[in-house]
Amino acid sequence: MSTLEQKVNAKRKLIAKHQKELKELLATCTHEGHVVQKSHYFSGSYYDKAYTDHWNECTLCGARSETTTVDHSWYG
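Residues numbered from 1 in each chain as written. Predicted model: local features only at pLDDT ≥ 70, side-chain atom pairs only at ≥ 80, totals over all residues. Heavy atoms only, no water.

(A) Just the state of the cysteines, in detail. A complete count under the given rule lists zero disulfides for this structure. Cysteine cysteine 29 shares no disulfide, and the gap to the nearest cysteine sulfur, in cysteine 58, comes to 3.7 Å. Free of any disulfide, cysteine 61 has its nearest cysteine sulfur in cysteine 58, 3.7 Å distant. (Disulfide = S-S within 2.5 Å.)

As structure tokens, this is what we get:
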């Protein structure tokens, strides 16, 4: 095994260790102080009315709440 292969394998092992630790930390996330409100607007089309989706998302772990959809009365 070459020294390059050894270095690559060592780094992969280290990355796997850090990914495991990060996964364990994020599993205990309380989302406290890290929640932001997000939304997505669809302007509609010829056949579909416009709508807006709303949800809360944790900026630390990426967890999302249930999405709420508000339908609008206009077409695109």
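(B) Local environment of the environment of glycine 76. Within the secondary structure, glycine 76 is located in the segment after strand S3 (68-75). With 68 residues separating them in the primary sequence, glycine 76 and valine 8 have C-alpha atoms 52 Å apart. Look past the residues within four positions of glycine 76 in its chain and what remains in contact with it is Ser43, Gly44, Ser45 and Asp48. (Helix = DSSP H or I, 4+ residues; strand = E, 2+ residues; numbered from the N terminus. Contact = heavy atoms within 4.5 Å.)

(C) Looking closely at the packing of aromatic side chains. The tally for this structure, following the rule as stated, stands at two aromatic pairs. Ring centres of phenylalanine 42 and tyrosine 51 lie 5.1 Å apart, and the angle between their planes is 40°; on these two criteria the pair is classed as tilted. For tyrosine 51, a relative accessible area of 27% puts it in the partly exposed group. Plain terms: the ring middles of tyrosine 46 and tyrosine 47 are 4.9 Å apart, the flat faces sit at 85° to each other, and that makes the pair edge-to-face. The pair formed by tyrosine 46 and tyrosine 47 is uniform in burial state, with each residue classed as exposed. Against the face of tryptophan 55 rests arginine 64, its NZ or CZ located 4.1 Å from the ring centre. (Phe/Tyr/Trp six-rings, centres within 6.5 Å; stacked < 30°, edge-to-face > 60°. Buried < 20%, exposed > 50% of the residue type's maximum accessible area, 1.4 Å probe, protein only. Lys NZ or Arg CZ within 6 Å of the ring centre and 35° of its normal.)

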